[in-house]
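# Inside the fold
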Amino acid sequence: MAEGPDGVELTDARGGAWRVDGVVASDARGELLPTRLVVHGEGLRVEVDDAGAVYPIEVDPDYTTAAVTWTGSSAERLGKALGGADVDGDGYIDVILGAPNYNSQQGRVYVYHGSSGGPSTTADTTNTGASAAVYFGYSVARAGDVNGDGIDDVIIGAPDFPSSMGRAYVYHGSTSGLTTATTALTVFGGYMGESVSGAGT
C-alpha cells in the first residue's frame, strides 16, 4: 500500500493492483465536504471534515484496477525508472522500465511494446549493463529521433560505470524494436547518467 498526492495504491492478496482516488463526500443537503485518504496501518481510512454538515453523510470513493502490471525479480527494483517511446514506429507508445539493482547492480532495462490492446506483459527487448555495480537503468527516457529514421530512440543511464564515472547510452529504435547498437557517452567523476532526458523530436 502506498499513499500519493492524488490517491492510494493498493495490492490485494493475489497481487492485483488497485487505485483509490476521487473520494467525494456529501451531506444530506448535497453539500460537498472536504475529504482525504490516509494509509492507516494495514488499512485505508477516509477522513471527512463534517463541521456544519447535516447527517447522514454519503462517502463515494472511486476504485480502479491497473490494466497491466509488471513484477520484478527479487531486489532488482523494477520501475525505479520508467519512460515511454514508440521504439518500433507502429504508432503506439512502448513502456520502458529500468531495474538498476538487477544482478548485483549490473542493471537491466525492459521494453514492452504497445498495441491497440495495451502494452505487452512480456518484455520485447531486454538490455543489460556492462558489468556489476554500474546501475544500468537507473534512469531512462525517450531520446527523440536522434538518427533521423522516423523512429524514437532511447537514452539509458548507468551512473556508476565504472567507479562512479558514469555513462549514458543511446539505443536506436527500429521497425523491429529497440536495437542493441548504442552510442555511449562517458564523463569522468560525475555520476553521468544519474538523470537523462530526450533532446529532440
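Everything here concerns the structure above.
Calculation criteria
- Residues numbered from 1 in each chain as written.
- Predicted model: local features only at pLDDT ≥ 70, side-chain atom pairs only at ≥ 80, totals over all residues.
- Heavy atoms only, no water.
- Phe/Tyr/Trp six-rings, centres within 6.5 Å; stacked < 30°, edge-to-face > 60°.
- Helix = DSSP H or I, 4+ residues; strand = E, 2+ residues; numbered from the N terminus.
- Buried < 20%, exposed > 50% of the residue type's maximum accessible area, 1.4 Å probe, protein only.
- Lys NZ or Arg CZ within 6 Å of the ring centre and 35° of its normal.
- Pairing = 2+ DSSP bridges.
- Axes fitted to C-alpha atoms, helices over the stretch in contact; angles between N-to-C directions.
- Core = buried A, V, L, I, M, F, W, Y, C linked by side-chain atoms within 4.5 Å.
- Contact = heavy atoms within 4.5 Å.
- Salt bridge = Lys/Arg side-chain N within 4 Å of Asp/Glu carboxyl O.

### Some points on the packing of aromatic side chains
What the rule picks out here adds up to five aromatic pairs. Ring centres of Phe136 and Tyr169 lie 5.6 Å apart, and the angle between their planes is 70°; on these two criteria the pair is classed as edge-to-face. Here the residue Phe136 occupies a position in the loop between strand S11 (125-128) and strand S12 (139-144), and Tyr169 occupies one in strand S14 (residues 167-171), the gap between them amounting to 33 residues. Each member of the pair, Phe136 together with Tyr169, is buried. If you follow Lys80 out to its NZ or CZ, it ends over the ring of Tyr138, 4.1 Å from the centre.

### Notes on the sheet that holds strand S10 (residues 108-112)
Strand pairs in the sheet, formed through backbone hydrogen bonds, run parallel or antiparallel to each other. In spatial order, the strands read S8-S9-S10-S11; together these four strands make up an open sheet with antiparallel pairing. In this open sheet, the two strands that pair with only one neighbour each are strand S8 (81-85) and S11. Adjacent strand axes in the sheet meet at a mean angle of 15° when their direction is disregarded. Across four bridges, S10 lies against S11 in antiparallel orientation. Residue pairing for S11: Val111 is matched across the bridge by Thr125.

### Focus on the nonpolar core
What tends to happen in soluble globular proteins is that the nonpolar side chains get buried as a cluster. Counting 16 residues, the largest nonpolar core has Ile96, Phe136, Val154 and Ile156 as the members making the most contacts within it. Mapped by element, the contributors of at least two residues to this core are S8, S10, strand S13 (153-158) and S14. No other element matches S13, which puts three residues into this core. Each residue touching Val154, except ones within four places of it in the same chain, is listed here: Ala85, Val87, Ile96, Ala141, Ala143, Tyr169, Val170, Tyr171 and Leu178.

### Looking at the pattern of salt bridges
The final tally for this structure, using the stated rule, is three salt bridges. Residue Asp27 is joined to Arg29 by a salt bridge in which the shortest nitrogen-to-oxygen separation is 2.9 Å. Residue classification places Asp27 among the buried residues on the basis of a relative accessible area of 5%. On the basis of relative accessibility, which here comes to 52%, the residue Arg29 falls in the exposed class. The residue Arg142 makes a salt bridge to Asp152 at a minimum N-O spacing of 3.1 Å. You can see Arg142 sitting in strand S12 and its partner Asp152 sitting in the loop between S12 and S13, a full ten residues away along the chain. Residue classification places Arg142 among the partly exposed positions, given a relative accessible area of 31%.

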